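Chain by chain, the residues run as shown.
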Amino acid sequence: MSPTTPYTLVGIARPKPERAAELRELLLSFVEPTRAEEGCLEYHFHEDRDEPGVFVFYEAWRSKEDLDAHLALPHLQDFWQRRMEYLERDLEIRWLTMHSPYEPRR
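Residues numbered from 1 in each chain as written. Predicted model: local features only at pLDDT ≥ 70, side-chain atom pairs only at ≥ 80, totals over all residues. Heavy atoms only, no water.

Student: Teacher, can you tell me more about the sheet that holds strand β2 (residues 40-47) here?
Tutor: With antiparallel pairing, the four strands of this open sheet are ordered in space as β2-β3-β1-β4. Whereas interior strands pair on both sides, the edge strands pair on one side only; in this sheet they are β2 and β4 (92-97). Taken over all neighbouring pairs, the strand axes of this sheet differ in orientation by 15° on average, direction set aside. Pairing of strand β1 (residues 7-13) with β4, which is carried by six bridges, proceeds in the antiparallel orientation. What sits directly across from Gly-11, in β4, is Ile-93. Contacts between helix α1 (residues 20-35) and the sheet are confined to β1, β2 and β3 (55-61), with β2 contributing the most and set at about 165° to the helix. The strands touched by helix α2 (residues 64-71) are β1, β3 and β4; relative to β3, the strand with the most contacts, the crossing angle is about 130°. (Pairing = 2+ DSSP bridges. Helix = DSSP H or I, 4+ residues; strand = E, 2+ residues; numbered from the N terminus. Axes fitted to C-alpha atoms, helices over the stretch in contact; angles between N-to-C directions. Contact = heavy atoms within 4.5 Å.)

Take a look at the structure:
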């Protein structure tokens, strides 16, 4: 992979029904600060239209190093340690190779 190819992933979170609203708010609280991080190209949080309460997030980072710095932040380390309090089963994460990288903005 080229050093200029973004490092991307898609994640799916299936919360316990009684924790879905709480998890939704928690994950939404990550959006704005994540988008402000160095190296974050895209960060989107979704809810499945056919399965309400199933959350999907899409992240594109300038490099793996930028993603690693993001994942090392205290609030994400805390979430990672406590995630199973919210989830029926562990996060499903798919690591992607982007074949249509973004053009630099002018």
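Student: Would you explain α1 in this entry?
Tutor: Owing to its 3.6 residues per turn, the α-helix aligns residues three or four sequence positions apart on the same side. Helix length check: α1, at 16 residues, gives a terminal C-alpha distance of 23 Å against a target of 22 Å (1.5 Å per residue), a fit within 8%. What α1 keeps buried is the set Ala-20, Leu-23, Leu-27, Phe-30, Val-31 and Thr-34. Looking straight down α1, one finds that the buried residues subtend no more than 120° of arc, so they occupy a single side. Opposite the buried face of α1, at more than 90 degrees from it, the exposed residues are Glu-25 and Glu-32. On its buried face, α1 is in contact with β1, β2, β3, α2 and α3 (74-82). (Expected span 1.5 Å × (residues − 1). Buried < 20%, exposed > 50% of the residue type's maximum accessible area, 1.4 Å probe, protein only. Arc of directions from axis to C-beta.)

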